[in-house]
Amino acid sequence: MVGAGISTPSGIPDFRSPGSGLYSNLQQYDIPYPEAIFELGFFFHNPKPFFTLAKELYPGHYRPNVTHYFLRLLHDKELLLRLYTQNIDGLERASGIPASKLVEAHGSFVSATCTVCRRSFPGEDIWADVMADKVPRCPICTGIVKPDIVFFGEQLPARFLLHTADFALADLLLILGTSLEVEPFASLSEEVQKSVPRLLINRDLVGPFALSPRRKDVVQLGDVVHGVERLVDLLGWTQELQDLIQQEHGKVQMLSSGAQSSSTSSVHCSLCIAGC
Ligand code: OAD
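Residues numbered from 1 in each chain as written. Predicted model: local features only at pLDDT ≥ 70, side-chain atom pairs only at ≥ 80, totals over all residues. Heavy atoms only, no water.

A. Structural context of the overall build of the chain. Each helix and strand in the chain was counted, giving ten helices and eight strands. A compact globule built from 276 residues would reach a C-alpha radius of gyration of about 19 Å, and the chain, at 19 Å, matches this within 12%. For the chain, the spread of C-alpha atoms along the principal axes amounts to about 55 × 50 × 35 Å. Put simply, of all contacts in the chain between residues at least 6 apart along the chain, 61% involve residues at least 24 apart. (Helix = DSSP H or I, 4+ residues; strand = E, 2+ residues; numbered from the N terminus. Rg over C-alpha atoms; globule rule 2.2 N^0.38 Å. Contact = heavy atoms within 4.5 Å.)

Here it is, written out as structure tokens:
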């Protein structure tokens, strides 16, 4: 289970961190109160703030970091049963984890739906409008076309129901970078069997780890990249993870050939432990 805290090392603010979180920076988005950005009522009154955020988060602006590639490595090793994410930045897909292994519980920008006639569109159909700061309109009925991001009060995607089977099967639950404040996602943490260890890697002690910890819970407080690197080291996977990151960054650089690449090499680079 992951949340916005795994993408802050990629440069994307989370929601609730005091000071840096999106909910502390309402002026930038011109919203009256934090949750307004994901409320349908406010969206119909003023869709601009949501589309400002959408423009920022549309796939391509940010790159996966060590945490995403660690999850990809779990998949490569056939250890990842499923990745449940609340994030809408698409970085799990960008890291190479296939859609079949993902449950994007709060939706994604891959598709969009007309809020009036309910026609569905591929996300790229509205890309140009969003980039041009224009509210995308349905070519048939002129209704506002909204990316398929789950707003408060909206149904989660049907794939979320996979949790009923997945969590009973898990023999380890990793919880990374989330405040566990938003339901129904947060309560997934209670769905693994009592005998199953749950590992929280997060800056703060959250949810059941603070309120009703279980005997087998393990907590690594602090920066998520640091926590993941520590785990990877204990597993003896550091070299493998570095190789994977280098391979994936190589692909990105080939795709964007001509674009200037950063040559800063740092042991503790949060994007790339191999030095990007
Ligand atoms: P939050 O912003 O609520 O929580 C992020 C958590 O990650 C906090 O506990 C932070 O302390 C922690 N964190 C941030 N950066 C970190 C770092 N570098 N290392 C370790 N921990 C770090 O984000 P979510 O839990 O994802 O809804 O929020 C849940 C939902 O609330 C979101 O999906 C969003 C919002 O309403 C939608 O997008 C629809």
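Moving on, there is more to tell.
B. Layout of the site of the ligand. Neighbouring the ligand are 24 residues, the closest being Arg16, His106, Thr178, Ser179 and Asp204. Within the contact set of the ligand, an oxygen atom lies 3.0 Å away from a side-chain nitrogen or oxygen of Asn202. Side-chain polar atom of Asp204 to an oxygen atom of the ligand: 2.6 Å apart, as the coordinates give it. When isolated, the ligand has an accessible area of 800 Å², and the protein chains bury 98% of it. (Near = heavy atom within 4 Å. Polar contact = N/O pair within 3.5 Å; in protein donor to acceptor, adjacent residues only side chain to side chain. Areas by Shrake-Rupley, 256 points an atom, 1.4 Å probe, with all protein chains shown as cover.)

C. Summary view of the environment of Glu154. Tracing the sequence through the fold places Glu154 in the loop between β5 (145–149) and α7 (163–169). Looking at Glu154, the relative accessible area reads 26%, which means it is partly exposed. Discounting residues that sit within four places of it in the chain, Glu154 has contacts with Leu40, Lys146 and Ile149. There is a polar contact of 3.1 Å between the side chain of Glu154 and the side chain of Lys146. (Buried < 20%, exposed > 50% of the residue type's maximum accessible area, 1.4 Å probe, protein only.)

D. Layout of the pairing of strand β6 (residues 173–176). Side-chain alternation along β6 places Leu173 and Ile175 on one buried face and Leu174 and Leu176 on a second face that is also buried. Relative to strand β7 (residues 198–202), β6 is paired through four bridges, and the arrangement is parallel. In the strand pairing of β7, Leu173 is matched with Arg198. (Pairing = 2+ DSSP bridges.)

E. Representation of the nonpolar core in the model. By size, the foremost hydrophobic cluster in this structure holds 31 residues, and its most contacted members are Ile37, Phe38, Phe50, Phe51 and Phe109. Looking at this core, the elements that each hand over two or more residues are α1 (26–29), α2 (40–45), α3 (48–57), β3 (107–114), α6 (124–131) and β5. For this core, the element with the highest residue contribution is α3, accounting for five residues. Residue contacts for Ile37: discarding those within four places in its chain leaves Leu22, Tyr23, Tyr29, Ile31, Pro49, Phe50, Leu53 and Phe151. Residues Ile6, Tyr69, Ile97 and Leu102 belong to the second largest nonpolar core, which totals 24 residues. (Core = buried A, V, L, I, M, F, W, Y, C linked by side-chain atoms within 4.5 Å.)

F. Looking closely at the environment of Ser111. Inspection of the secondary structure puts Ser111 in strand β3. Given the relative accessible area of 24%, Ser111 is considered partly exposed. Along the sequence, Ser111 and Asp125 sit 14 residues apart, while their C-alpha atoms lie 8.8 Å from each other. Beyond its immediate stretch of four places on either side in the chain, Ser111 contacts Phe121, Pro122, Gly123, Pro147 and Asp148. Here Asp148 takes part through its side chain, which lies 2.6 Å from a polar atom of the side chain of Ser111.

G. Here's a closer look at the sheet that holds β3. In space, the three strands of this open sheet follow the order β4-β3-β5, with antiparallel pairing throughout. The sheet terminates laterally at β4 (120–122) and β5, the two strands that pair on one side only. On average, each strand axis in the sheet is inclined to that of its neighbour by 40°, with strand direction left out of account. The pairing of β3 with β4 spans three bridges and is classified as antiparallel. Note on β4: the bridge partner recorded for Thr113 is Ser120. Docked against the sheet, α3 engages β3 and β5, running at close to 60° with respect to β5. Packing of α6 onto the sheet brings it into contact with β3, β4 and β5, and relative to β4 it is tilted by some 75°. (Axes fitted to C-alpha atoms, helices over the stretch in contact; angles between N-to-C directions.)

H. Fine view of helix α9 (residues 224–235). With twelve residues, α9 extends 16 Å from end C-alpha to end C-alpha; this agrees with the ideal 16 Å at 1.5 Å per step. Listing the buried residues of α9 in full gives Val224, Val225, Gly227, Val228, Glu229 and Val232. In the segment just after α9, Gly236 is the residue with positive phi, at about 75°. (Expected span 1.5 Å × (residues − 1).)

I. Fine view of the packing of aromatic side chains. Going through the model one piece at a time under the given rule, you end up with 14 aromatic pairs. An angle of 80° between the planes, with centres 6.5 Å apart, marks the rings of Tyr84 and Phe160 as edge-to-face. Here Phe160 lies in the loop between β5 and α7 and Tyr84 lies in strand β1 (residues 83–85), a separation of 76 residues in the sequence. In this structure, Tyr84 and Phe160 share a single accessibility class: buried. Clustering of aromatic rings is evident, with ring pairs tying together Phe15, Tyr23, Phe38, Phe43, Phe44, Phe50, Phe51, Phe151 and Phe152. Taking the ring centre of Trp237 as reference, the NZ or CZ of Lys77 above it sits at 4.6 Å. Cation over ring: Lys146 sits above Phe151, and NZ or CZ is 4.3 Å from the ring centre. (Phe/Tyr/Trp six-rings, centres within 6.5 Å; stacked < 30°, edge-to-face > 60°. Lys NZ or Arg CZ within 6 Å of the ring centre and 35° of its normal.)

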